[in-house]
Amino acid sequence: MKQTEGMTLIVKTVTRISVWLVLLYGIYIILHGHLSPGGGFAGGVIIALAFLNVMLAFGRDFIKNWLNIDMLHDIDSSSATMFIAVGILGIAFGGSFLANFIPHGTLFNLVSSGTIQVLNIVIGLKVGMGLFIVVWALVLFHLDQKE
Amino acid sequence: MTVYLLCFALFLVGIYGIITKRDLVRIIISWGIMGYAVNLMFVLFGYKNGSIYPIFVKNAPVLPQTMVDPLPQALVLTSIVIELGNTAMLAALAVRLFQKYQTFDITKIRRLSG
Amino acid sequence: MILPFFIIIPLLTAFVITLISGERDDWAVILSIIVEISLLILSVFCFFRVDGTAVIYKMSNWKAPIGIILVADSLSIFMLIIVSFIALTSLIFSVHYIRHLSPSWNYYALFMLLVTGMNGVIATGDLFNMFVFVEITLFAAYALVAYGNRAEEFEASFKYAIMGSISSAFVLLGIGITYAMTSTLTLANIAEVLKQKDPMVSLWIGGIFLAGFGLKAAIMPFHAWLPDAHSSAPAPISAMLSGVLIKALGVYVLIRLFFNVLGGIAIFNEVFVILGTISILVGGFLAMGQWDFKRLLAYSSISQVGYIFLGIGLGTWLGILGAVFHLLNHAIFKSLLFYNAGSLETAFGTRDLRKMGNVAKALPVTSFTSMVASLSISGVPPFNGFFSKLIIIIAAIQAGRPIYAFLAAIGSLITLAYYMKVQRFGFHGKNILQVEKNAVSFGMNSAMIILAVLCLVTSLLIVPGIREATLDTIVAVIMNKTGYVSQILGRQ
């Protein structure tokens, strides 16, 4: 079995079902970051792990056809720019860098606590895409080829 | 007090690994152990006897005085992110070093000297 | 105010460069040069507005012991001016140099991250925030040292990365112990609480931070990464690393921690003086035997940073004045020397001094500016190096330690010896070499000429009228150890 073709049939069948559950779990942890432990970074790592699961089970060539790596790169950079944009809006409306300018809402609701939720979503996207692109760049080097 | 001494012992295990191992990947893993030891020490510094987790739950009024200090936990979260980035950088350097030198052994990667 | 913009502007530029750049690097170059010029104008403007009192900025509108604050006093703005200026000349130099390696925009994004990290370290007033910005700077530095994809660069970068990571683990240990003893992270509050605790706690914390940040400043027992990293990196990155990074991350942080937070304990001043003198002598001796031009310059950096530590460790007004002035001077002439090495490498393809020949006709700007820089660093009047080394030596004599003054003077003679070796073999040698036309571009030449002119102009900072407006305010900030604390706590 060549290195780029993936793993056995059992792994491929189970991954077809389970990867969407992992993705949903990651989104849940990002969105509930202000109510329960987790937040942007932990949820982002779980989203990256979902994509890595597909890459391990199905191989390198499948990912090249299934995902557009340039789009992931663009989501990564624009999330980072949006983080700074939220900070600059904090200067405009709140008085200091990264100050809160969205109304707080009621306690324990899903949409509450101001800019913390927006920043969680932005960080979750950036960490997810960034970690997957880092591991993808390492995978692209063929260790058995001499340079 | 013994808990902090055990954390320091784990730190020393990490330093022993970095100094004596000859394989690049084992050096990276030993550095990871050092990082875990320091993070563990941070979390243990925030503990108070008989306190509970610092999360407010609906319909269960809890006073802030009975909670553990949450600031070291936020510092540990930041520290884990930084160590993730550092590990990724070291792993990328190890992969490129294998491409150029064809070995992971640090006694053979010695073109710069003096 | 404008204090967070020193961090926001380069960080936003780094992300925008990754977003808008296509295959070529034209947009990246234009954007980064515009941003760097604006940072330089902003920092010079700030320097003339801060007059003895510190400026405080609260991030996210949270007050001082709970939130993160940014503090700017004269020392911080002085370091910001140095960082912005050397980064601007490095960008002008690297446009042509990096295009030989690879025409990609990655270099400029990493460079902007480097500048962000250094600005963050200088501007912040919170201990853990300082650690986070130190790590950001070091990641960009590890990646930029390995930028040329040669085998030696990866080896040097790995050595630098492992040693930097060990010292970061020590720094984190020190931060943990500090938090356990004082339960606050703002530098001013730590200073106030540590005054009332057991003095042994301050000694332990100082020792751990000296081990951690001393490696980033490359003083003597912790210098082993510096020759490999600074000689294998591309020339503009070597100039940034040797000119500003070991000072913004090492010397500046040690000044803040040991003078303003720990309050100037006498035993650490002794340690600085001893380690500084050892660095001067050992760095000088090791530099004499080198035939690789950039490795010689790297050992020379260790030696000159030893002078800065000797000045700081003396603790008197003249000592700190000499140290601060030498910090500025070393940034200028060491960057100029690394640019000379870079242009020689571009023209001839080698760094070995034995293979070089008579280049005075072929590269006139390079040979003239290298003569200016060599005379400056050896301490020949009227260049700026003479005045700063003279002030440090006089301060050592006046503080009652003539032995260290004598050893510093010997160090200066050794420096003169190996730079004359560089001039003789590198620029007036016996071989006749061919160089193609336009090997050294207009950008590289103009960066070198700007710095050579500054070598003469900064010696004017000693003139008494100008000195009171600029350098004396900085020395007053360092000597007045409790002034930092009282200004921040009195105005939250």
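Everything numeric here is computed off the predicted structure, so don't read it as measured data.

A. Layout of the overall build of chain C. Along its length, chain C carries 20 helices and two strands. In terms of overall dimensions, chain C is globule-like: its C-alpha atoms have a radius of gyration of 22 Å, near the 23 Å expected for 492 residues. If one aligns the C-alpha atoms of chain C with their principal axes, the spans along those axes are about 70 × 60 × 45 Å. Within chain C, contacts between residues separated by at least 24 positions form 80% of all contacts whose residues are at least 6 apart in sequence.

B. Representation of unusual backbone geometry within the structure. Here the residue pair C:Pro381 and C:Pro382 is connected by a cis peptide bond, since its omega of 0 degrees sits within 30 degrees of zero. Position of C:Pro382 relative to the elements: it lies in the loop between helix H14 (364–378) and helix H15 (384–398). For A:Phe108, which is not glycine, the phi torsion reads 65 degrees and is therefore positive. Here A:Phe108 lies in the loop between helix H4 (69–93) and helix H5 (115–139). Classification of A:Phe108 as partly exposed rests on a count of 13 C-beta atoms within 10 Å.

C. Spotlight on helix H17 (residues 442–457) of chain C. Residue and element names in this part refer to chain C. With 16 residues, H17 should cover 22 Å at 1.5 Å per step; its first-to-last C-alpha distance of 22 Å lies within 8% of that length. Among the residues of H17, Met-444, Asn-445, Ala-447, Met-448, Leu-451, Ala-452, Leu-454 and Cys-455 are the ones counted as buried. Its buried side turned inward, H17 meets helix H3 (74–101), helix H13 (317–348), H14 and H15.

D. Fine view of the interface of chain C and chain A. Contacts between chain C and chain A engage twelve residues on the former and 14 residues on the latter. For the side of chain C that touches chain A, the element with the most residues is helix H1 (residues 5–20) of chain C, which contributes seven residues. Each residue belonging to the side of chain C that touches chain A can be placed in one class, and the counts come to eight nonpolar, three polar and one charged.

E. View of the interface of chain C and chain B. Each partner contributes residues to the interface: chain C has 26 residues there, and chain B has 26 residues. Secondary structure elements with two or more residues in the side of chain C that touches chain B: helix H5 (127–145), helix H6 (151–182) and helix H9 (226–232) of chain C. Sorting elements by how many residues they give to the side of chain C that touches chain B places H6(C) first, with 17 residues.

F. Quick look at the nonpolar core. One finds B:Leu93, C:Val83, C:Tyr142, C:Val145 and C:Ala248 to be the most contacted residues of the largest nonpolar core, which totals 242 residues. Sequence-distant contacts of B:Leu93, defined by excluding residues within four places in its chain, comprise C:Ala146, C:Phe154, C:Ser157, C:Phe158 and C:Ala161.

G. Representation of the environment of C:Tyr97. Residues and elements named next belong to chain C. Its location among the elements puts Tyr-97 in helix H3. For the pair formed by Tyr-97 and Gly-443, sequence separation is 346 residues and the distance between their alpha carbons is 9.4 Å. The contacts of Tyr-97, once residues within four sequence positions are left out, are Pro-234, Ala-235, Pro-236, Gly-342, Thr-346 and Met-444.

H. Highlighting the pairing of strand E2 (residues 69–72) of chain C. All names here are of chain C. Alternating positions in E2 separate into two faces, Ile-69 and Val-71 on one and Leu-70 and Ala-72 on the other, with burial throughout. The sheet contact formed by strand E1 (residues 55–58) and E2 spans four bridges and is antiparallel. For Ile-56, the partnering residue across the bridge sits in E2 and is Val-71.

I. Representation of the packing of H13(C) against H15(C) within the structure. Residue and element names in this part refer to chain C. Contact pair H13 / H15: the axes reach a minimum separation of 8 Å and the direction vectors enclose 155 degrees. Put simply, H13 runs roughly antiparallel to H15. For H13 against H15, the interelement crossing comes out left-handed. Between H13 and H15, the residues in contact are Leu-318, Gly-319, Leu-321, Gly-322, Ala-323, Phe-325, His-326, Asn-329 and Phe-333 and Asn-384, Gly-385, Phe-387, Ser-388, Ile-391, Ile-392, Ile-394, Ala-395 and Gln-398, respectively. Residues that form the contact of H13 with H15 fall into these classes: ten nonpolar, eight polar and no charged.

Criteria and thresholds
- Residues numbered from 1 in each chain as written.
- Chains lettered and ligands numbered in written order.
- Predicted model: local features only at pLDDT ≥ 70, side-chain atom pairs only at ≥ 80, totals over all residues.
- Helix = DSSP H or I, 4+ residues; strand = E, 2+ residues; numbered from the N terminus.
- Rg over C-alpha atoms; globule rule 2.2 N^0.38 Å.
- Contact = placed C-beta atoms within 7 Å.
- Buried ≥ 20, exposed ≤ 12 C-beta atoms within 10 Å, placed from the backbone.
- Expected span 1.5 Å × (residues − 1).
- Nonpolar A, V, L, I, M, F, W, Y, C, P; charged D, E, K, R; others polar.
- Core = buried A, V, L, I, M, F, W, Y, C linked by C-beta atoms within 7 Å.
- Pairing = 2+ DSSP bridges.
- Axes fitted to C-alpha atoms, helices over the stretch in contact; angles between N-to-C directions.
- Parallel < 35°, antiparallel > 145°, perpendicular 65-115°, else oblique.
- Left-handed = near helix turned anticlockwise from the far one by under 90°.

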